[in-house]
Amino acid sequence: MQTRRLTTSEADIRSAGELIRSGRLVAFPTETVYGLGADATNAEAVKSIYAAKGRPSDNPMIVHIAEISGLSELVKGGYEAVPELALDAMKAFWPGPLTIILPKSDEVPSVTTGGLNTVAIRMPENETARRLIAAAGTPIAAPSANLSGKPSPTRDTDVLEDMDGRIDAVIMGEDCNVGIESTVVDMTGEVPTILRPGFITAEALGEALGTEVIYDESLFDKHELAEPSEGVSEGDFQPKSPGMKYKHYSPNASVKLIEGDNKKFEAVALELAKQALQEGRKAAILNYEEDARAAAHKLFADMRELDRQGYDLILIRAIDEVGLGFSVMNRMLKSAGYDVVE
Ligand code: TXA
Ligand code: MG
């Protein structure tokens, strides 16, 4: 398949919208990471996303909308049935990097939700993403636009690296500002529960809602993660967010996290890098210091860049697991397969 490179011009966004409407796949920028979009209401189109990514079919998609009016057809019982607390979350953080899980309507095909009776909904802030959704005239199901298991793409060139020849088009747009995926919060129960930590922290969400927000306990389990290529995983570890049980964010190089202050980190990293070199392996060192914002913005792009340069080992300084640091560490720990030097 030829993958078309589209720009953000009016004419190209219109073409991209037409492609989505006719059941094709188009990758596009959002403020978090690039998404791989298809018409969320078209089961065949959504199936082809799983194929293009090599994604296990029990891992549900996030459905993207551009206007609040888009909620009604997705949520069971329509807009009136959306809980007050969920509306408050939308008012506080939409458009933006927050994904809200609600009971799904019958309009949403079950392939879109990986067979679940809930649907994940997000209204992105990125202008190109919003123009595309409007041009398509339909909600867009979009996982991150990487091959399953790889770091998420935060630049158009990263998308091409994984998806060239596998999808119909890529909108060549800006680099993603946030750099890690949206926060996924389950609002189907009494207490809002974060299933995937992201840019919006539990603290920020709790403050905006004036209520307790908890993290799903599976986030604290350091389970062995299944290879996405093995298909639907049937192990003991079945978190509420099915995506969390698969191996994720893994560059070709192996990744090791190192805890400690700058000085200790440097000493240990240099020692390990020297050892690796003796074994004929090239090691790179990444230190974001205590800057969670910068780490979020650069982590995935850095890992992809180091892969391109042929590194075998990436040594990363761990950051404090507070606020945004908790979300960044969630990605770093998975990249490293929980290999941490204390
Ligand atoms: O920032 C983002 O969220 C990006 C951009 C493109 O919007 N999208 C993204 O999608 O990260 P994806 O497919 O890579 O991750 C979606 C996550 C997975 O962990 C999935 O299991 C979870 O959301 N999820 C989706 N629908 C769900 C549902 N109904 N219940 C529980 N978890 C759900
Ligand atoms: Mg993903």
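Since the structure is predicted, the reported quantities are computational estimates derived from the model, not experimental observations.

### Considering the sheet that holds strand E14 (residues 313-317)
Read from one edge of the open sheet, four strands run E13-E14-E12-E15, paired in parallel fashion. Lying at the two open borders of the sheet, with one neighbouring strand each, are strand E13 (283-286) and strand E15 (340-341). In the sheet, strand E12 (residues 254-258) pairs with E15 via two bridges, with the strands oriented parallel. Looking at the pairing, Leu257 lines up with Val340 of E15. Docked against the sheet, helix H9 (residues 324-335) engages E12, E14 and E15, running at close to 130° with respect to E12.

### Brief notes about H9
Across its twelve residues, H9 extends 17 Å between first and last C-alpha, which sits within 8% of the 16 Å expected from 1.5 Å per residue. Most of H9 is tucked away, with twelve of its twelve residues classed as buried. Every buried residue belonging to H9 is among Leu324, Gly325, Phe326, Ser327, Val328, Met329, Asn330, Arg331, Met332, Leu333, Lys334 and Ser335, and all of these are buried. Looking at the buried residues of H9, the elements they touch are strand E10 (193-196), strand E11 (214-215), E12, helix H8 (292-308), E14 and E15. Of the residues one or two after H9, Gly337 is the one with positive phi, at around 55°.

### Brief notes about the pairing of E14
Along E14, five of the five residues are buried, which leaves the element largely enclosed by surrounding structure. Here E14 shows a buried face lined by Leu313, Leu315 and Arg317 and a second buried face lined by Ile314 and Ile316. Pairing between E12 and E14: five bridges, direction parallel. Within E14, the residue paired with Ser254 across the bridge is Leu313. By the bridge criterion, four bridges tie E13 to E14 in an arrangement that is parallel.

### A word on the packing of helix H1 (residues 10-21) against helix H4 (residues 127-136)
Where H1 contacts H4, the two axes come as close as 8 Å, and the packing angle between them is 55°. Between H1 and H4, the crossing angle belongs to the class labelled oblique. Where H1 crosses over H4, the handedness of that crossing is right-handed. Residues Glu10, Ile13, Ala16, Gly17, Ile20 and Arg21 of H1 lie in contact with H4, whose contacting residues are Thr128, Arg131, Leu132, Ala135 and Ala136. Grouping the constituent residues of the contact of H1 with H4 by class yields six nonpolar, two polar and three charged.

Conventions used here
- Residues numbered from 1 in each chain as written.
- Chains lettered and ligands numbered in written order.
- Predicted model: local features only at pLDDT ≥ 70, side-chain atom pairs only at ≥ 80, totals over all residues.
- Heavy atoms only, no water.
- Pairing = 2+ DSSP bridges.
- Helix = DSSP H or I, 4+ residues; strand = E, 2+ residues; numbered from the N terminus.
- Contact = heavy atoms within 4.5 Å.
- Axes fitted to C-alpha atoms, helices over the stretch in contact; angles between N-to-C directions.
- Expected span 1.5 Å × (residues − 1).
- Buried < 20%, exposed > 50% of the residue type's maximum accessible area, 1.4 Å probe, protein only.
- Parallel < 35°, antiparallel > 145°, perpendicular 65-115°, else oblique.
- Left-handed = near helix turned anticlockwise from the far one by under 90°.
- Nonpolar A, V, L, I, M, F, W, Y, C, P; charged D, E, K, R; others polar.

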